[in-house]
Amino acid sequence: MEQKDNPSKKATVVLVGGGQVNSSVLVYFKKLSRSLRSKVDLYLVSEFEEWLYPSMIPGVVSGIYSIQEASVDLKALAYYSDSSFLLQSPTMLNPLTQTLTLQSKEVIPYDFLVVSLESSCFREDSCVNFSAYKSFCHQIQAAEERLVETKEDPNIVVVGRNLAAVELCFNLHSRFSKSFEEVNMQLVSDQEPLEEFPESFKRKVLQELDLKGIKVTKGTGISCIRHNALFLEDSQTIKGNLVVNSSLQLHPEFLNALPRTSEGLFLLDEYLQCYGFQNIMIVGQTCTQGSNKTNYYRQAQVVFKNLSKKLKNFFEATQEKLTKYEETSDELTILNLGDGRALATKWGKSLRGKTVMWTKDFLDKRFVYSFQAKKLFSKKELEDYRSVYS
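So, here is what we can say about the structure in this document. Because the structure is predicted, anything quoted here is derived from the model rather than measured. (Residues numbered from 1 in each chain as written. Predicted model: local features only at pLDDT ≥ 70, side-chain atom pairs only at ≥ 80, totals over all residues. Heavy atoms only, no water.)

### Topic: the pattern of salt bridges
- Across all of its chains, the model carries 20 salt bridges by this definition.
- As a salt-bridge pair, Asp-73 and Lys-75 come within 3.4 Å of each other at their nearest N and O atoms.
- Looking at Asp-73, the relative accessible area reads 23%, which means it is partly exposed.
- By relative accessible area, which is 16% here, Lys-75 ends up buried.
- The salt bridge partner of Glu-144 is Arg-175, with a shortest N-O separation of 2.9 Å. In this pair, Glu-144 sits in helix H5 (residues 133-150) while Arg-175 sits in helix H6 (residues 163-177), placing the two residues 31 residues apart along the sequence. Comparing Glu-144 with Arg-175 shows no difference in burial state: the two are buried.
- Within the structure, one salt-bridge network assembled from shared partners comprises Glu-208, Lys-212, Asp-339, Arg-341 and Arg-352. (Salt bridge = Lys/Arg side-chain N within 4 Å of Asp/Glu carboxyl O. Buried < 20%, exposed > 50% of the residue type's maximum accessible area, 1.4 Å probe, protein only. Helix = DSSP H or I, 4+ residues; strand = E, 2+ residues; numbered from the N terminus.)

As structure tokens, this is what we get:
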């Protein structure tokens, strides 16, 4: 029950998972009135102390950026927003009792819960998995060192049909081409890659893949992914000495109590609320209100607006109307081609070149900087933060 007329009561808000949306919510939280913030106990639960901005990870892979340049410190964001940071994995959610159980067996009661599925709250060890961002970069480095030592030519298989999969192909090819004369690579997808993008954009992407000798295998269902092989539903096996999974994990076990579609997507209403449990909001592509072109910036705005309204309703017994989340069909998309160039699409048109990559570099660095301590904190606050976590 969200409406309570009890001025002495405090509300507990739990954010699960780092990533763009929950990080934005932490920053936005400071915009609430001080009187309202004082009534809220805010928690951030994450398995990782940092998250890497997904748009920059292909650049980390190809050596354009360091991990530090693409990282956002969740401890700093939690400190900035006066929230409690719990370096834990969630193991069970009970929406009936409104409790979240952590790996340490600690049970956190909540009034409102926001779950981010854009960044991994879990690990997947059967292959090199893009969802575990920081460990992903280290796994790629380890795989390269192993192949150099064994003098094997890279045989790389990238699984997925989204922008991340295609971008990883270009940047993995760029990275391994520096150390090996021959790099065999293929992109495997159960559907047409980038099917939601304009035809002119897809055509140029396929041209670039062909120029680099990257094979595209599509239209085949995938039954199992392992570190050295991909098993297809038609009984075929695609072997590789590096298998990278950029497809989405749809079944985090701690959310088993929440309703889903037959495809495994979480059932959400137009306000990003979970059906049957309106005090739970979920963001990410693994939801009925998400897609391969999900705009996390807009999701963050909607989550914060609705969370603010829910808190006001909670304390003042009001009935403020929530904000709907609506995806737009023509967001600016820029794809790093791994060779100093990028390919962009907007308004049905596409453009590629070094100037496009410069634009992407500027936008990505500016975005990450907006979450960094030196941007958020005053000099005194930065000193206080460093004294706490030194």
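### Structural notes on H6
- Its 15 residues place the ends of H6 21 Å apart at the C-alpha level, agreeing with the 21 Å of an ideal helix rising 1.5 Å per residue.
- Counting buried positions along H6 gives 14 out of 15 residues, so the element sits mostly inside the fold. (Expected span 1.5 Å × (residues − 1).)

### Here we look at the sheet that holds strand E22 (residues 349-353)
- Strands sit in the order E20-E21-E22 across an open sheet of three strands; the sheet is antiparallel. Each having just a single partner strand, strand E20 (333-336) and E22 make up the two edges of the open sheet. Direction aside, the axes of adjacent strands within the sheet are offset by 15° on average.
- The sheet contact formed by strand E21 (residues 342-346) and E22 spans five bridges and is antiparallel. By the bridge assignment for E22, Leu-343 is matched with Arg-352.
- Contacting E20, E21 and E22, helix H7 (residues 199-211) crosses the sheet at an angle of about 30° to E22. (Pairing = 2+ DSSP bridges. Axes fitted to C-alpha atoms, helices over the stretch in contact; angles between N-to-C directions. Contact = heavy atoms within 4.5 Å.)

### Structural notes on the packing of helix H1 (residues 20-29) against helix H8 (residues 296-316)
- Relative to each other, H1 and H8 sit at 45°, their axes nearing to 9 Å. Between H1 and H8, the angle falls in the class oblique. Considering how the two elements wind past one another, H1 and H8 form a crossing that is right-handed. Touching Gln-20, Val-21, Ser-24, Val-25, Tyr-28 and Phe-29 of H1 are Tyr-296, Tyr-297, Gln-299, Ala-300, Gln-301, Val-303, Phe-304 and Leu-307, all from H8.
- Taken together, the residues of the contact of H1 with H8 break down into ten nonpolar, four polar and no charged. (Parallel < 35°, antiparallel > 145°, perpendicular 65-115°, else oblique. Left-handed = near helix turned anticlockwise from the far one by under 90°. Nonpolar A, V, L, I, M, F, W, Y, C, P; charged D, E, K, R; others polar.)

### Topic: the packing of aromatic side chains
- For the structure shown, the criterion picks out 14 aromatic pairs.
- With centroids separated by 5.6 Å and ring planes inclined at 45°, the aromatic side chains of Phe-377 and Tyr-385 adopt a geometry described as tilted.
- Assessed through its relative accessible area of 8%, Phe-377 is described here as buried.
- By way of ring pairs, the aromatic residues Trp-51, Tyr-53, Phe-367 and Phe-371 are connected into one cluster.
- Across from the ring centre of Tyr-80, 5.2 Å away, lies the NZ or CZ of Lys-30, which sits over that ring.
- We note Lys-39 situated over the ring of Phe-315; from NZ or CZ to the ring centre the distance is 5.2 Å. (Phe/Tyr/Trp six-rings, centres within 6.5 Å; stacked < 30°, edge-to-face > 60°. Lys NZ or Arg CZ within 6 Å of the ring centre and 35° of its normal.)

### Considerations on the packing of H6 against H7
- Interhelical geometry of H6 versus H7 gives an angle of 30° and a closest axis separation of 11 Å. Between H6 and H7, the angle is such that the two are roughly parallel. Both H6 and H7 take part in a crossing whose hand is left-handed. Between H6, through Leu-163, Val-166, Cys-169 and Phe-170, and H7, the contact on the second element is made entirely by Phe-201, Val-205, Glu-208 and Leu-209.
- Here the contact of H6 with H7 is composed, by residue class, of seven nonpolar, no polar and one charged.

### Let's talk about the environment of Ser-83
- With respect to the element layout, Ser-83 can be found in the loop between helix H4 (74-80) and strand E5 (84-87).
- Apart from the residues within four sequence positions on either side, Ser-83 is in contact with Leu-26, Leu-42, Tyr-43 and Ala-78.

### What to know about the side chain of Lys-309
- Assignment of secondary structure puts Lys-309 in helix H8.
- One buried charged residue, Lys-309, forms no salt bridge at all, with the nearest opposite charge on Glu-320 at 5.2 Å.
- Polar contacts involving the side chain of Lys-309 include one to the main-chain carbonyl oxygen of Lys-321, which spans 2.9 Å.
- When neighbours within four sequence positions are excluded, Lys-309 is seen to be in contact with Glu-320, Lys-321, Leu-322 and Thr-323. (Lys, Arg positive; Asp, Glu negative; His and termini not counted. Polar contact = N/O pair within 3.5 Å; in protein donor to acceptor, adjacent residues only side chain to side chain.)

### Let's talk about a negative patch on the surface
- A contiguous patch of negative charge, built from Glu-152, Asp-153, Glu-181 and Glu-182, is present on the exposed surface.
- Inspection of the secondary structure puts Asp-153 in the loop between H5 and strand E11 (155-159). (Patch = residues over 30% accessible without salt bridge, like charges linked within 9 Å, V, L, I, M, F, W, Y side chains within 5 Å. Areas by Shrake-Rupley, 256 points an atom, 1.4 Å probe, with all protein chains shown as cover. Charge placed at Lys NZ, Arg CZ, Asp CG, Glu CD.)

### Observations concerning the environment of Pro-252
- Following the sequence through the fold, Pro-252 ends up in the loop between strand E17 (242-245) and strand E18 (273-274).
- The class for Pro-252 is buried, based on a relative accessible area of 2%.
- For the pair formed by Pro-252 and Thr-91, sequence separation is 161 residues and the distance between their alpha carbons is 9.1 Å.

Worth remembering: the numbers are spatial, not functional.
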